[in-house]
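So you can see what is in the structure, the chains are spelled out below.
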Amino acid sequence: MVKKILLNIFLNIAIITLVLSLFWLFNNGHYAVGAAAVACLGMFIYFKLLLIRSVKKTIRDRKNSAA
C-alpha cells in the first residue's frame, strides 16, 4: 500500500506540474510542446484512474475477506 501512496503523490505532482506548464506554454506561444504536454497529461490522468480503481478493488477485497 505504501507503493500506491507514493505513486499517487508522484502522479499528483506530475499532473499539477503539467497543468502549470500548459498555461505557461500556451501564453508564450509554444503550441507544439503544449500538444506533447497535453498527451502526457492525458497519460498521467489515465494512470491515476487505474490507480484509483486498483485501490478501490483492494479495499473491497479486504472488506470481503474480513467478513
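About the criteria used
- Residues numbered from 1 in each chain as written.
- Predicted model: local features only at pLDDT ≥ 70, side-chain atom pairs only at ≥ 80, totals over all residues.
- Heavy atoms only, no water.
- Core = buried A, V, L, I, M, F, W, Y, C linked by side-chain atoms within 4.5 Å.
- Buried < 20%, exposed > 50% of the residue type's maximum accessible area, 1.4 Å probe, protein only.
- Helix = DSSP H or I, 4+ residues; strand = E, 2+ residues; numbered from the N terminus.
- Axes fitted to C-alpha atoms, helices over the stretch in contact; angles between N-to-C directions.
- Parallel < 35°, antiparallel > 145°, perpendicular 65-115°, else oblique.
- Left-handed = near helix turned anticlockwise from the far one by under 90°.
- Phe/Tyr/Trp six-rings, centres within 6.5 Å; stacked < 30°, edge-to-face > 60°.

## Thoughts on the nonpolar core
Here comes step 1: Of all hydrophobic cores here, the largest spans 10 residues; its members are Leu11, Ala14, Ile15, Leu18, Leu22, Leu25, Ala37, Leu41, Phe44 and Leu51.
Here comes step 2: The set of elements that each furnish at least two residues to this core consists of α1 (2–27) and α2 (31–66).

## So, the packing of α1 against α2
Here comes step 1: Relative to each other, α1 and α2 sit at 155°, their axes nearing to 9 Å. Between α1 and α2, the interaxial angle falls into the category roughly antiparallel. In this structure, α1 meets α2 at a crossing whose hand is left-handed.

## A look at the packing of aromatic side chains
Here comes step 1: Within this structure, the stated rule accounts for three aromatic pairs.
Here comes step 2: Both rings, one in Phe10 and one in Phe44, keep their centres 6.1 Å apart while their planes meet at 80°; by these two values the pair is edge-to-face. Separated by 34 residues along the polypeptide, Phe10 in helix α1 and Phe44 in helix α2 bring together distant segments of the chain.
Here comes step 3: In this structure Phe10 comes out as partly exposed when scored by relative accessible area, which is 48%.
Here comes step 4: Judged by relative accessible area, which is 16%, Phe44 ranks as buried.
Here comes step 5: Aromatic side chains Phe26 and Tyr31 sit 5.7 Å apart centroid to centroid with 40° between the ring planes, which places their arrangement in the tilted category.
Here comes step 6: Exposure remark for Phe26: the relative accessible area of 38% places this residue in the partly exposed category.
Here comes step 7: Under the relative-accessibility criterion, Tyr31 is labelled exposed at 52%.

Purely geometric numbers; function is a separate question.
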